[in-house]
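Chain by chain, the residues:
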Amino acid sequence: GGAGGGGGGGRAPAPAPPPRPAAPRPRRGGPPPPPPPPPTPPSDVLDSPPPQPSPARGEGEERASRSTRFFSGRAWHEAPIYEREELLPGHRIAGPALVIEPHQTVVVEPGWVLDVTARNHLLMRRAAPRQRELLGKTADPVLLEVFNNLFMSIAEQMGEALRNTAQSVNIKERLDFSCAVFDAEGQLVANAPHMPVHLGSMDRSVETIVRERQGTMRPGDVYMLNAPYNGGTHLPDITVITPVFAPKVTYVLESPPPQPSPARGEGAAASLSSPPPGGEGPGVGGTTPAEVSPPEILFYVASRGHHEDIGGLTPGSMTPRATHIDEEGVYIDNFKLVDQGRFLEAETHALLTGAKYPARSPGKNIADLKAHVAANAKGVAELEKMVAHFGLDVVRAYMCHVQDNAEESVRRLLSRLDDGSFRVEMDQGTHVQVRITVDRENREATVDFTGTSPEQQNNFNAPAPVTRAATLYVFRVMVDEPIPMNAGCLKPIRLVIPERSMLSPQYPAAVVAGNVETSQIVTNCLFAAMGAMGPSQGTMNNLTFGNARYQYYETICSGSPAGPGFDGTSGVHVHMTNTRLTDPEILELRYPVLLEEFSIRRGSGGRGRWSAGDGTYRRIRFLEEMDCAILSGYRRVQPFGLAGGEPGECGENIVRRNNVGLERLEGCDQTVLAAGEAIVIKTPTGGGFGSPRGHSGQAAGSHPPELAS
């Protein structure tokens, strides 16, 4: 029966709560009578004292005149119906019940009570303990979806906190950051839809801290690293990691108990409410803990952001000339950033300025690192709220369930996937090669990169976590279900990355381009091996410029890939990069540059039965002298087409010199631009998918006038 229906479909009315003694009406001109004594609450009602009735409204409580049924907690409940206008201050209703108002219905669930306060407000309280989810090997499908979204929501809230509190354009405007939640072992549980190249590799950074700081972490500690050979990707990406501890730590006092301090006044007892600094030494009032239970770490939260400059040979820390990791900036490995709540600013500043090629703006780095800490603190607070609401056992169980659900989703994908292989050539004469072998019976797959070029003398080497991130991203994209990208996605995947290949370099090989360029090649190669879609532009077009005062970094979008049944989209970041471009107003406000043009090159996408999205054209004029560097690909090799599709267009890098004309740059190049000179980037485009026969297509992309030659 509905909430407004009488009799609940013929069922007998449920007994109404007994009436309370009526309070006499106040006499005109005289003092109001005293309020009636508070009723004795039933055994299933909270022990807190009920609100006192208002003398001006004291009337006897009316019995419910009718009842109905409603469904809640997987069961039907017989519920008396009360009219809101008949409820007076001091009345109390135990659930299940309904309160009808002209514009809404208040549902009092079983185990709850509703009080009418002295101000005639309705106040609902839990009267019976929460029935916890029964834990087992299977998850409740509704709660599974709830926790999927709760975990992702925490990561999203962390991202908003980081964005709002960061100082750099790179994090605040371009959104070049990622946030995620991890379990006690450091495995990825859920992430916000940020940067795939960050999200699939951050767990290796967390695992490094778990391994190397085991047993020494304390509440309030925060750690950071960017070490590509210990869980990082490239040096500008700094990961900040915060452990989440159990809410209480027990401290047992020695006997005899501490004496009160004279300064506190007589009778003021000393107590030990928190551990002493460093976890040792005398406690409050000169006592020493006899036994300290080690703090239990429940989860981890982490945020990774690309810092505008971390040192190195050029402003922006993305030099194409680096051949040694030290030339790319400050190397940070397992550094304590916050010690039990105290931000180690002096130590951090010394780290950033003490390298061979130090950071150029350490103050901005520190400001952004404080934003990381704030973002992580938001994640910690939200996880603590979740544990308080659902209980630790439930939260832990569903951390496992969401990973198991992701694993099962990938296994279902593998049960219908075919074997495949592909090889992608790069401008440097190197290549990435992959073979995917599927075991449909066991629903597992092996992704083998044997045959990929060896470690390089340039900086296109990609640390192993980068290839792992690309693989995680690709298989998550192939799952057509709304699941978080987490560690479960890779459990059915056996990943083979040859040692000392360009996908698994060894210290001190340079890696700055591997994270941004080679990762895009790996992604294209994997999608092509599965026949899922054509290639993207295969590069991020990494443009950096700056001097001693300014440092700026951006990636430039092109078109998205085409695939079976869909054309690509023009002018959008795809795959391993998921950033924005800085708004022109912000760019010109914060830096001495002028954005002369940013446009779509219509018709430039690779043609096929389904055509790739069109590329872009970007021209920036400098208003003072700047160093400028470009790290890019597909300037020599055309992006391939797939299934008979035509290749896409190569990109170009050009400098417009004052009174000299145009100067073409290599795909990876570095130069100095004087005031008035401009850098021009024309992005490559992905290839088409399927034979273009019968496809109407579009006209070839036109060049701006100064590039027509």
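Reading the values: rules and limits
- In every chain, residue numbers begin from 1 and rise along the written sequence.
- pLDDT decides what is reported in this predicted model: residues at 70 or higher carry local features, side-chain atom pairs at 80 or more are listed and counted, and totals for whole chains, interfaces and linings draw on all residues regardless.
- Processing note: side-chain calculations cover all non-hydrogen atoms of the structure and skip hydrogens and water entirely.
- The secondary structure listing takes helices from DSSP runs of H or I that are at least 4 residues long and strands from runs of E that are at least 2 residues long, numbered from the N terminus.
- Relative accessibility decides the category of a residue: with a 1.4 Å probe and only protein chains considered, values under 20% of the type maximum give buried, values over 50% give exposed, and everything between is partly exposed.
- In what follows, a contact means two residues having at least one pair of non-hydrogen atoms within 4.5 Å.
- Here the open area of atoms and residues is found with the Shrake-Rupley method and a 1.4 Å probe, where only the protein chains shown may cover a residue.
- What counts as a ring pair is set by centres within 6.5 Å for rings of Phe, Tyr and Trp (its six-membered ring), and what kind of pair is set by the plane angle: stacked under 30 degrees, edge-to-face over 60, tilted for all other angles.
- Whether a charge sits over a ring comes down to the Lys NZ or Arg CZ being within 6 Å of the ring centre and within 35 degrees of the ring normal.
- Counting rule for charge: Lys and Arg are taken as positive, Asp and Glu as negative, and neither His nor the chain ends is counted.
- Salt bridges, as used here, are contacts in which a Lys or Arg side-chain nitrogen is within 4 Å of a carboxyl oxygen on Asp or Glu.
- Two strands form a pair only when DSSP identifies at least two bridges running between them.
- Angles run from 0 to 180 degrees between N-to-C directions of axes, and those axes are lines fitted to C-alpha atoms, restricted for helices to the stretch in contact.
- Whenever a nitrogen or oxygen atom comes within 3.5 Å of another N or O atom, the pair is scored as a polar contact, on the condition that within protein one atom can donate a hydrogen and the other can accept it, and that pairs from neighbouring residues in sequence are kept only if both atoms are in side chains.
- In this analysis, the expected span of each helix is defined as 1.5 Å times one less than the number of residues it contains.
- Roughly parallel means an angle under 35 degrees; roughly antiparallel, over 145; roughly perpendicular, 65 to 115; everything else is oblique.
- Helix crossings fall into two classes, left-handed where the near helix is turned counterclockwise from the far one by less than a right angle and right-handed where it is turned clockwise.
- Residues are grouped as follows: Ala, Val, Leu, Ile, Met, Phe, Trp, Tyr, Cys and Pro are nonpolar; Asp, Glu, Lys and Arg are charged; every other residue, Gly included, is polar.

Colleague: Would you explain the overall build of the chain in this entry?
Modeller: Along the chain, the regular secondary structure elements total 10 helices and 29 strands. For the chain, with 709 residues in total, the buried portion stands at 54%. Look at the contacts in the chain between residues 6 or more apart in sequence, and 70% of them connect residues 24 or more apart. Put simply, the chain shows about 30,200 Å² of open surface, and 51% of that area lies on carbon and sulfur atoms.

Colleague: What's the story with the packing of aromatic side chains in this structure? I'm lost.
Modeller: Any two aromatic rings considered together are summarised by their centre-to-centre distance and by the angle between their planes. Scanning the model with the defined rule gives 14 aromatic pairs in all. Connected via pairs of aromatic rings, a cluster forms that spans Phe 545, Tyr 550, Tyr 552, Tyr 591 and Phe 622. For the cation-ring pair, Arg 69 lies above Trp 76, with the distance from its terminal atom to the ring centre recorded as 4.3 Å. Lying across the ring of Phe 598, Arg 618 places its NZ or CZ 4.8 Å from the centre.

Colleague: Which parts of the structure should I look at to understand the side chain of Glu 327?
Modeller: Residue placement: Glu 327 occurs in the loop between β14 (297-306) and β15 (335-339). No salt bridge is formed by the buried Glu 327, whose closest oppositely charged neighbour, Lys 356, lies at an N-O distance of 6.0 Å. Look past the residues within four positions of Glu 327 in its chain and what remains in contact with it is Gly 312, Leu 313, Thr 319, Arg 321, Ala 322 and Tyr 357.

Colleague: Could you clarify how one ought to interpret the sheet that holds strand β1 (residues 66-72) in this entry?
Modeller: What holds strands together in a sheet is hydrogen bonding between their backbones, with the strands either parallel or antiparallel. The four strands lie next to each other as β1-β2-β4-β5, forming an open sheet whose pairing is mixed. Strand pairing shows two members of the sheet lacking a second neighbour, β1 and β5 (105-108), which therefore form its edges. Neighbouring strand axes in the sheet, compared pairwise and without regard to direction, differ in orientation by 30° on average. In this structure, strand β4 (residues 97-100) lies alongside β5, joined through four bridges in antiparallel fashion. Directly across from Ala 97, in β5, lies its bridge partner Val 108.

Colleague: How do you make sense of the environment of Ala 487 when you look at a structure like this?
Modeller: For Ala 487, the position within the fold is in the loop between α8 (464-478) and β20 (493-496). What makes Ala 487 buried here is its relative accessible area of 12%. As a C-alpha pair, Ala 487 and Gly 200 span 287 residues in sequence and 8.4 Å in three-dimensional space. Leave out the neighbours within four places in its chain, and Ala 487 touches Gln 187, Leu 188 and Gln 403.

Colleague: Can you help me understand the environment of Tyr 553 in this one?
Modeller: Along the chain, Tyr 553 turns up in strand β22 (residues 551-554). C-alpha separation for the pair Tyr 553 and Ile 630, spaced 77 residues apart in sequence, amounts to 9.9 Å. Among all residues touching Tyr 553, those that are not within four sequence positions of it are Asn 170, Arg 174, Asp 176, His 306, Met 318, Val 516, Asn 542, Leu 543 and Thr 544. Only 2.6 Å separates the side chain of Tyr 553 from the side chain of Asn 542, close enough to count as a polar contact.

Colleague: Any chance you could explain the sheet that holds strand β26 (residues 652-657) here in plain terms?
Modeller: Strand order across the open sheet formed by five strands is β23-β24-β29-β26-β27, with antiparallel pairing between neighbours. On the outer flanks of this sheet lie β23 (593-600) and β27 (661-665), each paired with one strand and no other. Put simply, the sheet's adjacent strands are angled 20° from each other on average, direction ignored. The pairing of β26 with strand β29 (residues 678-682) spans five bridges and is classified as antiparallel. Residue pairing across strands places Val 655 opposite Ile 679, the latter belonging to β29.

Colleague: What is the right way to read the pairing of strand β17 (residues 420-425) from this model?
Modeller: Along any regular strand, the residues point their side chains to alternate faces of the sheet. As paired elements, β17 and strand β18 (residues 431-439) share six bridges and run antiparallel to each other. Note that in β18 the partner of Val 424 across the bridge is Val 432. Counting the residues between successive antiparallel strands, the hairpin from β17 to β18 contains five residues, one of them, Gly 429, with a positive phi of roughly 85°.

Colleague: How should the side chain of Asp 368 be read in this particular structure?
Modeller: Among the secondary structure elements, Asp 368 is positioned in helix α6 (residues 362-390). The buried charged residue Asp 368 lacks any salt bridge, with Lys 364 as its nearest oppositely charged partner at 7.2 Å. Within the structure, Asp 368 has its side chain in polar contact with the backbone nitrogen of Gln 167 (distance 2.8 Å). Not counting the four nearest positions on each side in its chain, Asp 368 is found in contact with Leu 162, Ala 166, Gln 167, Ser 168, Ile 171 and His 307.

Colleague: Can you walk me through the environment of Gly 379 in this structure?
Modeller: Turning to its location among the elements, Gly 379 is positioned in helix α6. Residue class for Gly 379 comes out buried when judged on its relative accessible area of 0%. Considering only alpha carbons, one finds Gly 379 and Val 181, 198 residues apart in sequence, at a separation of 7.9 Å. Contacts of Gly 379, omitting those with residues within four sequence positions, involve Ile 154, Met 158 and Val 301.

Colleague: How should I be thinking about the pattern of salt bridges in this particular structure?
Modeller: A side chain with one charge may pair with a side chain of the opposite charge, provided their charged atoms come close. For the structure on display, the rule yields 36 salt bridges. Here Arg 656 and Glu 596 are joined by a salt bridge, their closest N and O atoms 3.0 Å apart. Of this pair, Arg 656 sits in strand β26 while Glu 596 sits in strand β23, and the two are 60 residues apart along the sequence. The class for Glu 596 is partly exposed, based on a relative accessible area of 26%. Linked through salt bridges whose partners overlap, the residues forming this network are Glu 596, Glu 597, Arg 619, Arg 621 and Arg 656.

Colleague: Looking at this structure, I do not really get helix α1 (residues 141-165). What am I missing?
Modeller: At 3.6 residues per turn, the α-helix brings residues three or four places apart onto the same side. Over its 25 residues, α1 runs 37 Å from end to end, which matches the ideal 36 Å to within 8%, given 1.5 Å per residue. Those residues of α1 not exposed but buried are Leu 143, Leu 144, Phe 147, Asn 148, Phe 151, Met 152, Ile 154, Ala 155, Met 158, Gly 159, Ala 161 and Leu 162. Contact partners of the buried residues in α1: α2 (169-172), β8 (177-183), β9 (188-191), β14, α6 and α7 (392-414). Sitting at the head of α1, Asp 140 places a side-chain oxygen 3.0 Å from the backbone nitrogen of Val 142.

Colleague: Would you take a moment to explain unusual backbone geometry for this structure?
Modeller: The phi angle of most residues is negative, glycine excepted, and most peptide bonds adopt the trans form. Cis peptide bonds are those with omega within 30 degrees of zero, and the linkage from Gly 95 to Pro 96 qualifies with 5°. At the junction of Tyr 507 and Pro 508, the peptide bond is cis and its omega measures out at 10° in the coordinates. One can find Pro 508 in the loop between β20 and α9 (512-529). With a phi close to 60°, His 575 is a non-glycine residue in the positive phi region. Looking at the secondary structure, you find His 575 in the loop between β22 and α10 (584-590).

Colleague: How do you make sense of the packing of α8 against α9 when you look at a structure like this?
Modeller: Helix packing geometry: the angle between the two helix axes and the distance between the axes. Contact pair α8 / α9: the axes reach a minimum separation of 9 Å and the direction vectors enclose 40°. Compared by their axis directions, α8 and α9 come out oblique. Between α8 and α9 lies a crossing of right-handed hand. Residues Val 466, Thr 467, Ala 470, Thr 471, Tyr 473, Val 474, Val 477 and Met 478 of α8 touch α9, and the partners they reach there are Gly 514, Asn 515, Ser 519, Val 522, Thr 523, Leu 526 and Phe 527. Taken together, the residues of the contact of α8 with α9 break down into nine nonpolar, six polar and no charged.

Colleague: What exactly am I supposed to notice about the packing of α1 against α7 here?
Modeller: Orientation of α1 relative to α7, taken along the N-to-C sense of each, is 95°, at an axis distance of 10 Å. Relative to α7, the element α1 is oriented roughly perpendicular. Counting all contacts with α1, which are made through Leu 143, Leu 144, Phe 147, Asn 148 and Phe 151, the residues of α7 involved are Val 394, Val 395, Tyr 398, Met 399, His 401, Val 402 and Asn 405. For the contact of α1 with α7, the per-class residue count stands at nine nonpolar, three polar and no charged.

Worth remembering: the numbers are spatial, not functional.
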